[in-house]
Amino acid sequence: MKSLLCLSLDYTAVSTAERDEAKNSWSFLPALREKGRILEAVPVSTCNRTEIYLRLPPGGTVPEEILHPRVRTLSGEEAVLHLLRVLLGLESMACGESSIVGQVRESYGGAGDLCGPWLHRLFQGCLRMAKLLRTCYHPGREPSVPRLMAEKLRDHPSFPSVSSLVVGAGEMGEETARVLAGLAVPLSVTNRSGERGRSLADSLGVPFLPWEDWRERAADFGALFFCTGAPAPLFSLAERREGQRIFDLGSPPQVERSAGGSAFLLAMDDLAVEAAAITAEYRTQLRRLESEAAEAARSVCAELTSLSAETYKRLVLLRAERIVEERADLTARKTGADRESLRRMGWSVVKALLSPAFAESDPHARRLWKILSGDMEEPADD
């Protein structure tokens, strides 16, 4: 378990812009895996965090290419517990929220070949356990970032008659619009994709503003909620009209700050400062979930360190088959020999070499299968 790590940058450590910038280091991961400096990796990106889950080779260290000066490094059971807490919303700005599960699942699914057997089992085990824990111990009525943002609109002197425009109809925009509709404020929606924006507006019974018109009409609204993921800011505080409130839920930031106007802007980084106080009472209802998460993490760790003998045998065969294929292809290109004949000959040799080990079932044989499969953990990790 010592080779299992999580490199975490969340809203408590760095700004939204810095977390977004840190994603540039992900481009190094395929090359690091190719060179054997890491064995597996799953980069995770959510609204409030940028993380990399890693498995290093024996004696390996975290490559400098993916380090950040303010990164928090967790290892072994600590990393497993962290992933469980993330999935349960216990590490979220809006504690206990559930949208984080879909974001983590999407990141895990997008890891592709970087993810290997250990991290597959880690994420599958934690996703399964988090679902069970939520069902049994979550108190319900979960907060969310859109809800925390929208609730701040109550501070507006014209609430609840303050007209609001939601810019963006993705997951964040949709939830923001639904929360605002629940507050019964006059609401409009705009989105770059007209079809998705109209669908959301129609479902809420509110007006849809075409994307090409929203900037010209922005001054008509008392509050603007930016919920897109555009790579550059869509709006500047210099464009804000007097009395208008701006809410930036985007990642990276969608609103460009300007001197003297920040009091009328609430962005993700601003909300991070207030979130602990806003959700303090709700957190007390999550104590049972937190204690059960710690116990569940130990169960997931036990599963990770007890891969069955049959699993290791399959991993060995898959690895051997891949090596035979690569060597046969290389030899065929160099010598002109028939590739299929080389493959059959190589596979016969490999099976003859592996057969004695496969016939044994003692601990030494299992250790050999682990080494041959590429899972070369230290004995203390078993």
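Just above sits the structure.
This text gives an overview of the structure that appears in the document. (Residues numbered from 1 in each chain as written. Predicted model: local features only at pLDDT ≥ 70, side-chain atom pairs only at ≥ 80, totals over all residues. Heavy atoms only, no water.)

Looking now at the sheet that holds strand β6 (residues 187-190). Pairing within the open sheet is parallel, and its 5 strands lie in the order β6-β5-β7-β9-β11. A strand with exactly one partner marks an edge of an open sheet, and here the two such strands are β6 and β11 (265-267). With direction set aside, neighbouring strand axes in the sheet form an average angle of 15°. By the bridge criterion, 3 bridges tie strand β9 (residues 245-248) to β11 in an arrangement that is parallel. Directly across from Phe247, in β11, lies its bridge partner Leu266. Contacts from helix α10 (residues 268-278) reach β9 and β11, with the element oriented near 80° to β11. (Pairing = 2+ DSSP bridges. Helix = DSSP H or I, 4+ residues; strand = E, 2+ residues; numbered from the N terminus. Axes fitted to C-alpha atoms, helices over the stretch in contact; angles between N-to-C directions. Contact = heavy atoms within 4.5 Å.)

Turning next to the pairing of β6. Here β6 shows no split at all, with Leu187 and Val189 on one side and Ser188 and Thr190 on the other all buried. Pairing geometry for strand β5 (residues 164-167) and β6, over 4 bridges, is parallel. Residue Leu165 lies in a different strand from β6, and its bridge partner there is Ser188. Remark: the β5/helix α7 (residues 171-182)/β6 crossover connection has right-handed handedness. (Buried < 20%, exposed > 50% of the residue type's maximum accessible area, 1.4 Å probe, protein only. Right-handed = clockwise from strand over helix to strand, strands pointing away.)

Turning our eyes to something else, we now look at the layout of surface pockets. Its volume calculated, the second largest pocket comes out at about 480 Å³. In terms of lining residues, the second largest pocket is bounded by 22 residues, among which Cys47, Gln103, Glu171, Met172 and Leu249 are the most central. Take the lining of the second largest pocket: its biggest share by element is 5 residues, from helix α4 (residues 99-109). Tallied by class, residues from the lining of the second largest pocket come to 7 nonpolar, 11 polar and 4 charged. (1 Å grid on protein atoms, 1.4 Å probe; cavity = no way out; pocket = protein on both sides within 12 Å on 5 of 7 lines; lining within 4 Å. Points joined across faces, edges and corners; volume = space filled by probe spheres on them. Nonpolar A, V, L, I, M, F, W, Y, C, P; charged D, E, K, R; others polar.)

For the rest of this paragraph, the subject is the nonpolar core. Within the largest apolar cluster, 40 residues are counted, with the highest numbers of intra-cluster contacts made by Tyr53, Val80, Leu122 and Phe123. The set of elements that each furnish at least two residues to this core consists of β1 (4-10), β2 (40-45), α3 (77-87), α4, α5 (117-137) and α12 (287-304). With 9 residues, α5 is the largest single contributor of residues to this core. One finds Val145, Val162, Val179 and Leu183 within the second-largest nonpolar core, a separate group that totals 34 residues. (Core = buried A, V, L, I, M, F, W, Y, C linked by side-chain atoms within 4.5 Å.)

Moving on to unusual backbone geometry. Between Phe159 and the following residue, Pro160, the backbone shows a cis peptide bond with an omega angle of 10°. Within the chain, Ala184 stands out as a residue other than glycine whose phi angle is a positive 65°. Along the chain, Ala184 falls in the loop between α7 and β6.

In space, the 4 strands of this open sheet follow the order β2-β3-β1-β4, with antiparallel pairing throughout. Edge strands, defined here as strands with exactly one partner in the open sheet, are β2 and β4 (72-75). Going from strand to strand, the sheet's axes swing by 15° on average, the running direction of each strand aside.

On to the packing of aromatic side chains, then. Enumeration according to the criterion identifies 7 aromatic pairs in this entry. When the ring of Tyr108 is compared with that of Phe123, the centres are 5.1 Å apart and the planes differ by 10°; the resulting orientation is stacked. With Tyr108 in helix α4 and Phe123 in helix α5, this pair connects stretches of sequence that are 15 residues apart. The class of Tyr108 is buried, set by a relative accessible area of 12%. Pairing Trp214 with Phe235 gives two aromatic rings, centres 6.4 Å apart and planes at 40°, and the pair type is tilted. Of this pair, Trp214 sits in helix α9 (residues 214-217) while Phe235 is found in strand β8 (residues 235-236), placing the two residues 21 residues apart along the sequence. Here Trp214 falls in the buried class, since its relative accessible area comes to 2%. Aromatic ring contacts, followed pair by pair, group Trp211, Trp214, Phe226 and Phe235 into a single cluster. Positioned above the aromatic ring of Phe264 is the side chain of Arg240, whose terminal nitrogen or guanidinium carbon lies 3.7 Å from the ring centre. (Phe/Tyr/Trp six-rings, centres within 6.5 Å; stacked < 30°, edge-to-face > 60°. Lys NZ or Arg CZ within 6 Å of the ring centre and 35° of its normal.)

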